[in-house]
Amino acid sequence: MPDAEKILTLGIESSCDETAAAVLRGGRELLSNVISTQIPVHRKFGGVVPEIASRRHIVNVMPVIDEALRTAGVALADIGQVAVTYGPGLVGALLVGVSAAKALAFARNVPLVGVNHLEGHIFANFLSHKGLVPPFMALVVSGGHTALIHMRDYNHFSLMGQTRDDAAGEAFDKVARVMGLPYPGGPEIDRLAAEGDEDAIDFPCALREKGNYEFSFSGLKSAVLNYLNEMKMKRVELNKADVAASFQKAVIEVLVQKSLEALAEAKLDTLVLAGGVAANSALERRLREAAEAHGIRFYFPSKILCTDNAAMIACRGYYQSQAGLFADLRLNAVPGLSLSDVEA
Ligand code: KG4
Ligand code: ZN
């Protein structure tokens, strides 16, 4: 067994519409990070088509792994362990990565680590910020999840609260879709919002009462849809930038408020942002400003590590391996894997 500082972890990610592989040395030195996105394929359908995603993963998985090894300048024989996302995500998509990882781990006789995708998103921050260590509060905002997680140390988490219905990214995507913007809608709304007036329309967001760390975005989504319909019926010309900015403000306000309250309740002074929506420029700015005003250290990953990638999976896998948390060859995809399943 190579020593912990030098061990090479091959990370594999295929939970949704990105086939990704990465090579990590030790816990935080990224040697390669290859992402093959299927976004252009799914765009014409306005969202991810699970069956198409699985088929694309099958075609892409080995070439992506080969490229990750080549870019890192290492051979498969140098890999000390394989870490793979086993949930949450699309079952057919997950199975491709899990099967590839099991085959490689078996063939090379190296340990296998099963990684929770959401935990991976949080661990992206360790790659962007070498000095970051737990404890901290993590705000995970992705296409599938919105959650506040108290990270006690590398392997002990507690869930403060999560969304009851739509995830923040899902709300961005659905609102964008009805506004006729291409998939994925998050980056489109982000761009459009920069030209709009965020105070133009008052879209309320639910569950604002203090001490409640759950989120709900489906009411906000409906409020935007109702507004769009009303404007259409009245034949009023729509200012899409104002709608985007006002919707985005409503999402951001609730995320900032609950993050600050959760930090105070858990008596923490460090906030870590994670997940695809972390790429949102206004969210990052607002959280940074709020953190500064409250004396809180604030971290978020570099843009390429915000959305789905395998570097974050390799990093999470490394810290699991350090705690002896390995999987065996019976590892299966768990599409509904939740954070509470891994709470320690
Ligand atoms: O983490 P991720 O890549 O996949 C999941 O695990 O779900 O997140 C994808 C989500 C999509 O909903 C996408 O619209 C959103 O992240 N997203 C953004 C931005 N970039 C990606 N949302 C708002 N602003 C952005 N700049
Ligand atoms: Zn993700």
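Residues numbered from 1 in each chain as written. Chains lettered and ligands numbered in written order. Predicted model: local features only at pLDDT ≥ 70, side-chain atom pairs only at ≥ 80, totals over all residues. Heavy atoms only, no water.

Can you walk me through the sheet that holds strand 5 (residues 112–116) in this structure?
In sheet architecture, strand pairing relies on hydrogen bonds along the backbone and comes in two forms, parallel and antiparallel. Spatially, 5 strands are ordered 3-2-1-4-5 in an open sheet, and the strand pairing comes out mixed. Of all the strands in the sheet, just strand 3 (29–37) and strand 5 have a single pairing partner and so form its edges. Between one strand axis and the next, the sheet turns by 20 degrees as a mean value, whatever way the strands run. Here 5 bridges tie strand 4 (residues 81–87) to strand 5, and the two strands are oriented parallel to one another. Its bridge partner lying in strand 5, Val84 is registered against Gly114. This element, helix 4 (residues 117–128), spans strand 1 (8–13), strand 2 (18–25), strand 4 and strand 5 of the sheet and lies at about 95 degrees to strand 5. The sheet strands contacting helix 11 (residues 311–322) are strand 1, strand 2, strand 3, strand 4 and strand 5, and the helix crosses strand 5 at an angle near 115 degrees. (Pairing = 2+ DSSP bridges. Helix = DSSP H or I, 4+ residues; strand = E, 2+ residues; numbered from the N terminus. Axes fitted to C-alpha atoms, helices over the stretch in contact; angles between N-to-C directions. Contact = heavy atoms within 4.5 Å.)

I would appreciate a short explanation of helix 8 (residues 240–265) in the present structure.
Since the α-helix advances by 3.6 residues per turn, residues separated by three or four positions end up pointing in the same direction. Between its terminal C-alpha atoms helix 8 stretches 38 Å, which fits the 38 Å expected from 26 residues at 1.5 Å a residue. The buried count for helix 8 comes to 21 of 26 residues, which makes it a mostly enclosed element. Positive backbone phi, at 55 degrees, marks Lys267, one or two positions downstream of helix 8. (Expected span 1.5 Å × (residues − 1). Buried < 20%, exposed > 50% of the residue type's maximum accessible area, 1.4 Å probe, protein only.)

Explain the coordination of the zinc ion (ligand 2) here, please?
Each angle at a metal carrying four tetrahedral donors should ideally be 109.5 degrees, and each at a metal carrying six octahedral donors should ideally be 90 or 180 degrees. The protein atoms that coordinate the zinc ion (ligand 2) are His117 (NE2), His121 (NE2) and Asp308 (OD), at distances of 2.0 to 2.1 Å. All donor residues of the zinc ion (ligand 2) come from one chain, and their arrangement in sequence is H-x3-H-x186-D. With His121 in helix 4 and Asp308 in the loop between helix 10 (303–306) and helix 11, this residue pair connects regions lying 187 residues apart in the sequence. For the pair His121 and Asp308, one class covers both residues: buried. (Donors = N, O, S within 2.8 Å, 3.2 Å for Na, K, Ca; no water.)

It is not clear to me how the packing of aromatic side chains should be interpreted in this structure. Could you clarify?
The relative placement of two aromatic rings is captured by the distance of their centres and the angle of their planes. Using the criterion set out here, one finds 12 aromatic pairs in the structure. Geometrically, the ring pair formed by Phe123 and Tyr154 is tilted, given 6.4 Å between the ring centres and 50 degrees between the ring planes. One end of the pair, Phe123, is in helix 4; the other, Tyr154, is in the loop between strand 7 (146–153) and strand 8 (156–162), with 31 residues separating them in the sequence. Judged by its relative accessible area of 0%, Phe123 falls in the buried class. Their ring planes at 55 degrees and their centres at 5.2 Å tell us that Phe126 and Tyr154 sit as a pair that is tilted. Residue Phe126 is found in helix 4, and its partner Tyr154 is found in the loop between strand 7 and strand 8; the two are separated by 28 residues along the sequence. (Phe/Tyr/Trp six-rings, centres within 6.5 Å; stacked < 30°, edge-to-face > 60°.)

In this structure, what is going on with the environment of Gly143? I would like to understand it.
Tracing the backbone shows Gly143 in the loop between strand 6 (136–141) and strand 7. Here Gly143 falls in the partly exposed class, since its relative accessible area comes to 45%. Note: C-alpha distance between Gly143 and Ala168 (25 residues apart in sequence) is 6.7 Å. Apart from residues no more than four positions distant in its own chain, Gly143 is found in contact with Ala167, Gly169 and Glu170.

How do you make sense of the side chain of His42 when you look at a structure like this?
Here His42 is to be found in helix 1 (residues 39–43). In this structure His42 comes out as buried when scored by relative accessible area, which is 0%. At 3.0 Å, the side chain of His42 forms a polar contact with the backbone nitrogen of Val49. Excluding its chain neighbours within four sequence positions, the residues that come into contact with His42 are Asp17, Gly47, Val48, Val49, Ile52 and Ala53. (Polar contact = N/O pair within 3.5 Å; in protein donor to acceptor, adjacent residues only side chain to side chain.)

Would you mind showing me how to read the site of ligand 1 here?
Lining the immediate environment of ligand 1, one finds 19 residues, of which His121, Gly143, Asp173, Asp190 and Gly276 sit closest. At 3.1 Å from an oxygen atom of ligand 1 is found a side-chain nitrogen or oxygen belonging to His117. Asn280 places a polar side-chain atom, nitrogen or oxygen, 3.0 Å from a nitrogen atom of ligand 1. Compared with its free state, where it exposes 560 Å², ligand 1 has 89% of that area covered by protein. Among the elements of the structure, helix 4, helix 5 (168–178) and helix 6 (185–193) are those that each provide at least two residues to the shell around ligand 1. Partitioned by chemical class, the residues of the shell around ligand 1 number 5 nonpolar, 11 polar and 3 charged. (Near = heavy atom within 4 Å. Areas by Shrake-Rupley, 256 points an atom, 1.4 Å probe, with all protein chains shown as cover. Nonpolar A, V, L, I, M, F, W, Y, C, P; charged D, E, K, R; others polar.)

Just to check I follow, could you spell out the pattern of salt bridges for this structure?
Any two side chains of opposite charge can pair if their charged atoms end up close together. Summed over the entire model, instances satisfying the criterion amount to 16 salt bridges. A salt bridge links Arg164 to Glu214, with the nearest nitrogen and oxygen atoms 2.8 Å apart. Of this pair, Arg164 sits in the loop between strand 8 and helix 5 while Glu214 sits in the loop between helix 6 and helix 7 (218–233), and the two are 50 residues apart along the sequence. A residue is classified by how much of its surface remains accessible, and Arg164, at 52% relative accessible area, is exposed. Residue Glu253 pairs with Arg208 through a salt bridge whose shortest N-O separation is 3.9 Å. With Glu253 in helix 8 and Arg208 in the loop between helix 6 and helix 7, this residue pair connects regions lying 45 residues apart in the sequence. For Glu253, a relative accessible area of 33% puts it in the partly exposed group. Sharing partners across several salt bridges, the network here consists of Asp166, Glu170, Lys174 and Lys221. (Salt bridge = Lys/Arg side-chain N within 4 Å of Asp/Glu carboxyl O.)

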